[in-house]
Structures are given as structure tokens and as C-alpha cells.
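Fold and contact review
So the chains spell out like this:
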Amino acid sequence: MSHLQIPAGYKPLLSVKETEKAIVLLKDFFQLALSTELNLRRVTAPLFVRSGTGINDDLNGTERAVSFPVKDMNDARLEIVHSLAKWKRMKVSELGLKSGFGIYTDMNAIRADEELDNMHSLYVDQWDWEMCISDSNRSVEYLKEIVRKIYGCLKRTEFFVYDRYEQIEPVLPESITFIYSDDLQREYPKLSPKERETEVCKKYGAVFIIGIGGKLPDGTIHDGRAPDYDDWITEDGGHRGLNGDLMVWNPVLNIAMELSSMGIRVNKESLLAQLNERGCPERASLEFHSKLLSSKLSQTMGGGIGQSRLCMYFLRKAHIGETQVSTWPEKMVSDCLANGINIL
């Protein structure tokens with residue numbers, strides 16, 4: 001069910017006209033910072049892919065992809081991407097990029113099963129990025145190194161915004177804190193995963209939670225991840241993983257806010273282990289999985305960074321609809337307008 005949180009006394013710091021201009025400036029600045037920091041070249045990307053190839057992102061495995069038949073292709077079905085997690089790896093491999101170099105692109109998606117609230121929309125727009133890495137860099141320390149670089153881009157973007165709009169003061173801490181999802185559970189054993197995120201983000205301001213998708217000590221998972229892109233089972237059979245979520249404390253809504261999800265991608269061994277753990281070993285025969293198991297894909301790491309969500313955070317907005325155009329329940333729109341939240 002949709003849910004709306006209205007901050008007490010909320011007043012936008014920028015007008016709608018100023019917001020539209022700031023969105024352009026912020027996006028242009030951040031994507032340039034990201035591409036130069038991680039050695040990424042811009043590429044074009046698909047809006048839809050063929051159904052049944054295993055190329056689309058399955059997210060938690062329960063979300064329905066928006067699909068349609070194509071008359072001029074004998075009614076073959078195509079589906080709107082959920083994200084480009086696996087497509088990007090194929091593209092990096094096709095381009096033959098060397099270790100330490102990669103790609104980024106604008107990813108646009110429709111997630112029809114999304115529960116709509118202040119941060120979740122039917123329309124998803126993010127920077128999807130992927131870089132080739134060596135097998136020796138399949139480590140938590142390398143993951144942390146890249147996270148720190150991306151966090152540096154966030155810090156520079158925050159100052160860029162403040163330099164132009166002095167009413168939007170910086171709040172990000174100087175450095176990001178790393179914590180494993182199982183350690184987080186041990187620290188807050190009586191809380192749900194979302195409640196743990198709230199507590200740790202409130203405490204540190206910016207955190208990267210390592211190990212999303214693998215089993216925690218009590219058999220639960222912190223959050224869902226598809227079994228065929230991020231590596232959440234390490235090669236020794238553990239579940240601490242080589243992926244995670246970058247989260248910050250949102251000072252407008254006073255909640256934890258995910259800005260990015262990223263990880264080192266599966267190799268042959270972890271792919272098979274994760275498919276078995278999720279009870280879908282038959283996926284190994286699909287196009288993407290077959291290429292990986294046949295050593296036709298480069299070892300990569302990558303992730304997605306929400307564009308509208310980033311703008312929402314840095315421009316201190318109460319609703320993602322203030323930084324993107326989407327469709328919302330009528331009551332949500334009317335309640336927003338009645339409380340000074342300017343839905344675009």
C-alpha cells in the first residue's frame with residue numbers, strides 16, 4: 001500500500017523553477033565526477049530486452065516486469081528493464097575493457113509492483129555503472145575502495161550545491177562508515193532490517209552495509225538480492241558477501257535513505273552456489289548465465305545510483321515526486337499539495 005510521510009512545517013528551500021534548474025546542474029556535475037573518478041565512459045542502453053534470456057534484473061524475484069508483444073517480431077515478448085545489472089556486464093565484456101575501466105549510462109525503468117511512498121516511484125531513473133576488475137580485486141577491501149571514491153563524489157556534489165544555494169547546508173560526515181549486515185543484526189537483534197538501517201544511519205550519518213542477500217546468523221536476510229549478479233556468497237561458503245548498500249540519514253524525513261546499491265559480480269562458482277541456494281538452478285541454461293559459465297564474460301563490479309533520489313536528498317526535498325515526473329495516487333498528490341510538497 002502507498003504511504004506518505006509529511007514532515008512537520010515542511011517548506012521547500014527552492015521554488016519549482018529553481019528546482020528544475022538545480023536538477024540539471026546537480027546531475028551534470030555528479031555524472032562527470034563519477035565518470036572521471038572511476039574511469040567510466042558513457043554508453044547508450046536499452047529500455048527493454050527480450051523475455052526469457054535472463055538478461056533482465058530479477059530484483060527480489062517477485063516483481064513483475066512490464067512486458068509487451070512485438071507485432072513485427074512474430075509477437076515475441078519484450079520487457080521493460082528493472083535495471084541493467086546483467087546487461088552492463090555483457091557490454092563491458094563486448095567492449096573488451098581493461099581492468100580499472102568501465103561504462104555508465106542512464107537507466108530508466110518501470111516497476112509496476114513498487115509500493116509508492118516518499119522515496120519510491122513507479123518510474124526509476126538511475127546512473128547504472130559497471131567496471132572491469134581483475135580476479136585479485138574480488139575482495140571486500142577493493143569494494144570499500146570503490147565505495148570511498150563514490151562517497152567522495154557525493155561529498156563534492158554536496159559542496160557544489162551549497163556553493164550555489166547557501167540555504168542548503170552540508171550535512172554529510174567527512175567519511176563513510178562500513179558495517180556488515182550480520183554485525184548490524186547482532187547490534188540490534190530485536191529490530192527489523194529497516195529499523196536497523198534507521199538506527200545506524202542516525203548514528204553515523206552515512207554508512208555502507210556490506211552483505212545484502214546472503215543469510216544472516218538467524219537464517220533471515222537483510223534485504224533481497226537476485227542470485228545472478230551481486231556476489232553475496234563468498235568463495236569460502238560464507239554469507240558476508242561482496243556487495244552492499246550506501247545509505248545516508250535524510251534530515252528532512254528523519255529516516256535512512258538508500259542512494260546506491262553496488263557489488264562485485266558473481267563468478268562461476270558463486271553463481272552456481274547462489275542459484276542453488278535460491279532454488280533456481282535451471283537459470284544456468286539462460287543466455288546470460290550460459291555466457292558466464294562458459295567464461296565469456298569479464299569479471300566486473302558495478303551498481304546503480306538513483307538520479308531523482310540523489311536530487312531529492314541534496315535539494316532537501318520531502319518527496320521524490322519533487323525531482324521527477326511520475327504518476328501517483330490521487331490522494332497522495334492532493335495531500336502533498338495541501339502541505340507545500342510540489343509534485344512535478
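Residues numbered from 1 in each chain as written. Predicted model: local features only at pLDDT ≥ 70, side-chain atom pairs only at ≥ 80, totals over all residues. Heavy atoms only, no water.

Looking at an unreviewed UniProt entry, the protein chain carries the name Aspartate--ammonia ligase, with the source organism given as Treponema peruense. Under the UniProt heading Sequence similarities (unreviewed entry), the note attached to the protein chain is "Belongs to the class-II aminoacyl-tRNA synthetase family. AsnA subfamily." The Catalytic activity (unreviewed entry) field of the UniProt record for the protein chain holds the comment "L-aspartate + NH4(+) + ATP = L-asparagine + AMP + diphosphate + H(+)". (UniProt positions renumbered as here; feature names shortened; annotations may be inferred.)

1. Points about the pairing of strand 8 (residues 206–210)
Across the five residues that make up strand 8, a large majority, five, are buried. Residues Ala-206, Phe-208 and Ile-210 of strand 8 are buried on one face, and the alternating residues Val-207 and Ile-209, pointing to the opposite face, are buried as well. The pairing of strand 7 (residues 177–180) with strand 8 spans four bridges and is classified as parallel. The residue bridging Ile-179 from the neighbouring strand is Ile-209, located in strand 8. (Buried < 20%, exposed > 50% of the residue type's maximum accessible area, 1.4 Å probe, protein only. Helix = DSSP H or I, 4+ residues; strand = E, 2+ residues; numbered from the N terminus. Pairing = 2+ DSSP bridges.)

2. Examining the sheet that holds strand 6 (residues 123–132)
Paired through their backbone hydrogen bonds, the strands of a sheet run either parallel or antiparallel. Taken in spatial order, the eight strands make up an open sheet running 1-5-6-11-10-9-8-7, and their pairing is mixed. This sheet does not close on itself; its edge strands, each paired only once, are strand 1 (40–42) and strand 7. Averaged over all pairs of adjacent strands, the angle between strand axes in this sheet comes to 30°, irrespective of strand direction. Summarising the sheet, strand 9 (residues 243–250) and strand 10 (residues 255–264) pair through eight bridges and their orientation is antiparallel. The residue bridging Gly-244 from the neighbouring strand is Met-262, located in strand 10. The sheet strands contacting helix 2 (residues 85–95) are strand 5 (102–110), strand 6 and strand 11 (300–306), and the helix crosses strand 6 at an angle near 35°. Against the sheet, helix 5 (residues 193–204) makes contact with strand 7, strand 8, strand 9 and strand 10, and its axis sits at roughly 65° relative to strand 9, the strand it touches most. (Axes fitted to C-alpha atoms, helices over the stretch in contact; angles between N-to-C directions. Contact = heavy atoms within 4.5 Å.)

3. Regarding the state of the cysteines
For the structure on display, the rule yields zero disulfides. Cys-311 supplies the cysteine sulfur nearest to Cys-153, a cysteine that is in no disulfide, at a spacing of 15 Å. Looking at the unpaired Cys-336, the closest cysteine sulfur is the one in Cys-311, lying at 18 Å. When its relative accessible area of 0% is taken as the criterion, Cys-336 is described as buried. (Disulfide = S-S within 2.5 Å.)

4. Remarks on the packing of helix 1 (residues 16–38) against helix 8 (residues 307–314)
As a packed pair, helix 1 and helix 8 sit with axes 10 Å apart at the nearest point and diverge in direction by 115°. By the angle between their axes, helix 1 is roughly perpendicular relative to helix 8. Helix 8 is crossed by helix 1, and the crossing has right-handed handedness. Contacts between helix 1 and helix 8 involve Ile-23, Leu-26, Lys-27 and Phe-30 from the former and Gln-307, Leu-310, Cys-311 and Phe-314 from the latter. (Parallel < 35°, antiparallel > 145°, perpendicular 65-115°, else oblique. Left-handed = near helix turned anticlockwise from the far one by under 90°.)

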